Amino acid sequence: MRRFFSQNSLSLAFGGLFLLTLVGQAVSGVAAFNDQRLADGLEQISLLRYVTSSAFGVDVMENWQSEYLQFFLYILGTVWLIQLGSSESKKPGETGIETDKEQKVGRYATKDSPAWASAGGWRTSLFSRSLGLVMGTLFLLTWTASAISGWAAFNDEQLMSLEDPVTLLGYLAQGDFWSRTLQNWQSEMLAVGSMVIFSVYLRQRGSPESKPVGTPHAATGMTG
Amino acid sequence: MPPRRRGLATAAAAALLLSGCGGLDSDAVEKVATTFADHGTDAATRCQLLAENTLTSLVEDAGTACEEAIGDLPIGTGTPTAVEVWGEEAQVKLTDDTLFLTRTSSGWKVMAAACRPKAEEQPYDCQVEGS
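Residues numbered from 1 in each chain as written. Chains lettered and ligands numbered in written order. Predicted model: local features only at pLDDT ≥ 70, side-chain atom pairs only at ≥ 80, totals over all residues. Heavy atoms only, no water.

1. Regarding the environment of Val-51 of chain A
Residue and element names in this part refer to chain A. Worth spelling out the cut-off: Secondary structure is summarised from DSSP: a helix means a run of H or I of at least four residues, a strand means a run of E of at least two, and numbering begins at the N terminus for each. In what follows, residue pairs with any heavy atoms lying within 4.5 Å of each other are defined as contacts.
When you line up the elements, Val-51 lands in helix α3 (residues 47-51). C-alpha separation for the pair Val-51 and Gly-132, spaced 81 residues apart in sequence, amounts to 30 Å. The contacts of Val-51, once residues within four sequence positions are left out, are Ala-26 and Phe-56.

2. Comments concerning the packing of aromatic side chains
Residue and element names in this part refer to chain A. To be explicit about the condition: Each Phe, Tyr or Trp ring (for Trp, its six-membered ring) is paired with any other whose centre lies within 6.5 Å, and the angle between the two planes then decides the class: stacked below 30 degrees, edge-to-face above 60, tilted in between. Any residue under 20% of the maximum accessible area for its type is buried, any over 50% is exposed, and the rest in between are partly exposed; the area is computed with a 1.4 Å probe on protein chains only.
Within this structure, the stated rule accounts for 15 aromatic pairs over all chains. Here the aromatic rings of Phe-139 and Trp-185 are separated by 6.3 Å at their centres, their planes lie at 55°, and the arrangement is tilted. Of this pair, Phe-139 sits in helix α8 (residues 130-160) while Trp-185 sits in helix α10 (residues 175-201), placing them 46 residues apart in sequence. For Phe-139, a relative accessible area of 8% puts it in the buried group. On the numbers, 6.1 Å between centres and 75° between planes, the contact of Trp-143 with Trp-178 is edge-to-face. Highlighted residues: Trp-143 in helix α8 and Trp-178 in helix α10, separated in sequence by 35 residues. Of the residues examined, Trp-143 reaches a relative accessible area of 21% and is grouped as partly exposed.

3. Quick notes on the interface of chain B and chain A
The criterion, for reference: As used here, buried area is the combined drop in accessible area, with a 1.4 Å probe, of two parts when they are placed together. Whenever a carboxyl oxygen of Asp or Glu lies within 4 Å of a side-chain nitrogen of Lys or Arg, that contact is scored as a salt bridge. N or O atoms within 3.5 Å of each other form a polar contact, as long as, within protein, one can give a hydrogen and the other can take it, and as long as residues adjacent in sequence are counted only when both atoms are side-chain atoms. In this classification, Asp, Glu, Lys and Arg are treated as charged, Ala, Val, Leu, Ile, Met, Phe, Trp, Tyr, Cys and Pro as nonpolar, and every other residue, Gly included, as polar.
Contact with chain B, which involves 23 residues of that partner, is made by 21 residues of chain A. Between chain B and chain A, roughly 1,900 Å² of surface is buried when both sides are summed, and carbon and sulfur atoms account for 59% of that area. Counting the contacts that link chain B with chain A gives three salt bridges. Note that Arg-49 of chain A is salt-bridged to Glu-88 of chain B, the shortest N-O span being 2.7 Å. In this structure, the connection of chain B to chain A is made through eight residue pairs in polar contact (both at pLDDT 80 or more). Where the side of chain B that touches chain A is concerned, the elements lending two or more residues are β1 (80-86), β2 (89-94), β3 (97-104), β4 (107-116) and β5 (125-129) of chain B. Classifying every residue of the side of chain B that touches chain A gives nine nonpolar, seven polar and seven charged.

Spelled out as structure tokens, the structure:
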């Protein structure tokens, strides 16, 4: 058991932090939500009611969708785009999907390669793109969930202000949807861009996200 | 269950969750709105169907008890033509009025009535509403 924890500490630590922060978001979110309801002369709601509400749903989904979009774009972008000196980038001349030999697929698969890497045909083709496909699918699903829960939350607010609810298409044309979407997208693009550039000139000793401390700034694609 | 039906069932479940268990809520909302809009309902019962904040405003504005004031207000008596439930709030359109309701611990209550539409994308002008 101890061995399991030490060998999976990275996923477990981030899984735990995710749950803690999600609970924190729910607790602080219901307080903010109820402050607003109190100001509007409406009855407050319970934590359970809040976490099953569209208001909580859209706040969670609008962030998830942008995270999955970030990784989807980064995974695909780094196949073709490079940044000289960045530990996050391939070396110049290595762009593209590379050869079967370099990727160890088909007849170049080794004994311990995943089964679908050596299977050939659609299975190898699918497995070769599975990371991007899953990230892209999760992005589309969470963005759709963000749109639907945002629509429901928006209509709740419309009724609170004694206005008519809108259709889903009407909501997609509202500033609320695009403001929620784009404010998250821009922050993700900033974070990725910063990481690419910072990793050229800055180091974090021992982290695989950084080059080894003594590596020259011009060295590309090296991790420590 | 065939995949297509399973997809439809999933979508229906999601829609129900988003609308706050739609059908059940719609029925409860419509029942409250119909009782409130029925001028044959006794005044005390109609006043009990008002949200606390709305009741307080009505009494303050009228300068008299709700039971005495409510009969003089231009609240519609028509039948419901549309019910919308979104989370904690709802709207019932009657043939001659629009009511707005809110979910409370003691059931759905009317937070605004005698509402007339103003310009498009503007709030309704309601003669009965909370402050």
